[in-house]
Amino acid sequence: MIIDLRSDTLTQPTSGMKEAMMQAALGDDVFGEDPTVKRLEDRLAQLFGKEAGLFCPSGTMTNQIAIRIHTRPQTEVICHRDSHIYLYEGGGIMANSHASVKLLDGPFGKIDAQAVAEAINPDDDHAPESILVSLENTMNKGGGSIYTLDEVRPIRKLCRDRGLKLHLDGARIFNALEESGERPDAWGEQFDTVSVCLSKGLGCPIGSVLVGSKEAIKQGRKIRKAMGGGMRQAGMLAAAGLYALDHHISRLADDHRRAQGLLMALEDHPLFSEVLPVRTNIVIARLRGMQPEEILVRLAESQIKAVKFGKDLIRFVTHLDFTDEMLEQFIRRLGDMRG
Ligand SMILES: *Cc1c(COP(=O)(O)O)cnc(C)c1O
């Protein structure tokens, strides 16, 4: 039995999800006529207390559209240096929006209002205009760390006072909400736009939704078209999203519980010197001496898959297709690697 913990994007759609996809009412969404896409967009907009939503093929596209909505060439985006929008979106901030980026530090991938305040450029010909702050919740590179509303509110206030927009990369926002117990609409209220991924913990094959004001989403539709993201009978994919919202949110607690099981197997293990605090479904372990490439080979020999996540770090992610039986196997196989 292969235990694949490389990412929560590796999940296969369940039979219930496939059934929902087969039954979906369809139309041409470029004409604005796919009822299932509309239902998904409206449902997520409503959940986050926003006016409108935009269904896109990927979270990279929803983030990049949001950045283009909020910026102009020669303006600057402020974010943590470990942000997905900066590290993993192919240089899109520059390529799509011709904007500059200012990278901030902070523990577990998180930034605070004071750091943002210090990063806002003065109104000066030399400096790009600071125009957008982007946060990520949960924070992938921070080990699935979470922001709470109390941490976000001062950043929101600062952005309001200084005329900056605030975007949330909520690829795993439902993992964060599962742990904090906070409501999606309370989160939507703090941000101008929120990107939500359906293809991570929610287990869909494809899809992310951007939510925001009517005006922002209208502009977003045009940008999506220019990026080649206008899809036709996309209701088949949106149906998977609706199914996931009904069936795969409350079960995220299982992923988090199993991640705690991984933590227990990894901490105090002689091959690892440290495991980052585990808050959700991501487990990042620091190697004691061994190179990531070497440990990945050793793990593969035990039919366990993980990814390199820095010069001495590896990452495990729990997901819909990682069962309690696999967790037991993981613990046993890792125990055998002690010798
Ligand atoms: C996965 C992910 C995205 C979007 O990735 P796609 O593969 O383009 O859907 C965005 N932000 C974070 C933090 C992610 O983990």
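Placed above this text is the structure.
Residues numbered from 1 in each chain as written. Predicted model: local features only at pLDDT ≥ 70, side-chain atom pairs only at ≥ 80, totals over all residues. Heavy atoms only, no water.

1. Focus on the nonpolar core
Item 1. Membership of the largest hydrophobic core comes to 50 residues, with the highest contact counts inside it found for L44, F55, V133, L135 and F174.
Item 2. The element best represented in this core is helix α11 (residues 235-247), accounting for 7 residues.
Item 3. Here F55 is in contact with V37, L40, E41, L198, G207, S208, V209, R224, M231, A234, L237 and A238, once residues within four sequence places are set aside.
Item 4. Counting residues in hydrophobic clusters, the runner-up holds 27 residues, among them F272, A285, I314 and L334. (Core = buried A, V, L, I, M, F, W, Y, C linked by side-chain atoms within 4.5 Å. Buried < 20%, exposed > 50% of the residue type's maximum accessible area, 1.4 Å probe, protein only. Helix = DSSP H or I, 4+ residues; strand = E, 2+ residues; numbered from the N terminus. Contact = heavy atoms within 4.5 Å.)

2. Details of the sheet that holds strand β12 (residues 307-308)
Strand pairing within a sheet occurs via backbone hydrogen bonds; the two strands may be parallel or antiparallel.
Item 1. Taken together, 4 strands build an open sheet; the order of strands is β9-β10-β13-β12 and the sheet is antiparallel. Looking along the sheet, the strands with just one partner apiece sit at the ends: β9 (272-275) and β12.
Item 2. Summarising the sheet, β9 and strand β10 (residues 282-287) pair through 3 bridges and their orientation is antiparallel. In the strand pairing of β10, V275 is matched with A285. (Pairing = 2+ DSSP bridges.)

3. A few points about the packing of helix α1 (residues 15-23) against α11
Item 1. At a closest axis distance of 8 Å, the pairing of α1 and α11 adopts a crossing angle of 135 degrees. The angle between α1 and α11 places the two elements in the oblique class. As for how α1 packs across α11, the hand of that crossing is right-handed. Contact residues: G16, M17, A20, M21 and M22 in α1; M236, L237, A239, A240, Y243 and A244 in α11. (Axes fitted to C-alpha atoms, helices over the stretch in contact; angles between N-to-C directions. Parallel < 35°, antiparallel > 145°, perpendicular 65-115°, else oblique. Left-handed = near helix turned anticlockwise from the far one by under 90°.)

4. Focus: the site of the ligand
Item 1. All residues in the neighbourhood of the ligand are listed as S58, G59, T60, N63, H84, E89, E136, D169, A171, R172, C197 and K200.
Item 2. With respect to the ligand, the side chain of T60 contributes an N or O atom lying 2.5 Å from an oxygen atom.
Item 3. Compared with its free state, where it exposes 380 Å², the ligand has 84% of that area covered by protein.
Item 4. Top contributing element to the shell around the ligand by residue count: helix α3 (residues 59-70), with 3 residues.
Item 5. Looking at side-chain class alone, the shell around the ligand contains 2 nonpolar, 5 polar and 5 charged residues. (Near = heavy atom within 4 Å. Polar contact = N/O pair within 3.5 Å; in protein donor to acceptor, adjacent residues only side chain to side chain. Areas by Shrake-Rupley, 256 points an atom, 1.4 Å probe, with all protein chains shown as cover. Nonpolar A, V, L, I, M, F, W, Y, C, P; charged D, E, K, R; others polar.)

5. Things to note about α3
Item 1. Counted at 1.5 Å a residue, the expected span for α3 with its 12 residues is 16 Å, and the 17 Å between its end C-alpha atoms agrees.
Item 2. The buried count for α3 comes to 10 of 12 residues, which makes it a mostly enclosed element.
Item 3. Every buried residue of α3 is accounted for by G59, M61, T62, N63, Q64, I65, A66, I67, I69 and H70.
Item 4. Two or three places before T60, at the opening of α3, S58 has a side-chain oxygen 3.4 Å from that residue's backbone nitrogen. (Expected span 1.5 Å × (residues − 1).)

6. Quick notes on helix α7 (residues 149-162)
Item 1. When the terminal C-alpha atoms of α7 are compared, their 20 Å separation across 14 residues agrees well with the 20 Å that a helix rising 1.5 Å per residue should span.
Item 2. Those residues of α7 that fall on the buried side of the exposure criterion are L149, V152, I155, R156, L158 and C159.
Item 3. G163, located one to two residues past α7, shows a positive phi value of around 75 degrees.

7. Digging into the sheet that holds strand β7 (residues 193-197)
Item 1. Across the sheet, which stays open at both edges, the 7 strands sit in the order β2-β8-β7-β6-β5-β3-β4 with mixed pairing between neighbours. Looking along the sheet, the strands with just one partner apiece sit at the ends: β2 (52-56) and β4 (100-104). The mean inter-strand angle of the sheet, taken between neighbouring strand axes irrespective of direction, is 20 degrees.
Item 2. Inspection of the sheet shows strand β3 (residues 75-80) paired to β4 by 5 bridges, in the parallel sense. Counterpart to E76 in the pairing with β4 is S100.

8. Here we look at the side chain of N137
Item 1. Mapped onto the secondary structure, N137 falls in the loop between β5 (129-136) and α7.
Item 2. Looking at N137, its side chain comes within polar contact range of the main-chain nitrogen of Y147, at 3.1 Å.
Item 3. The contact partners of N137, leaving out residues within four places of it in the chain, are S145, I146, Y147, L168, D169, G170, A171, R172, I173, A176 and W187.

9. Some thoughts on the environment of A127
Item 1. In this fold, A127 is placed in the loop between α6 (113-119) and β5.
Item 2. The class of A127 is partly exposed, set by a relative accessible area of 23%.
Item 3. A sequence separation of 151 residues divides A127 from V278, and the C-alpha atoms of the two residues are 39 Å apart.

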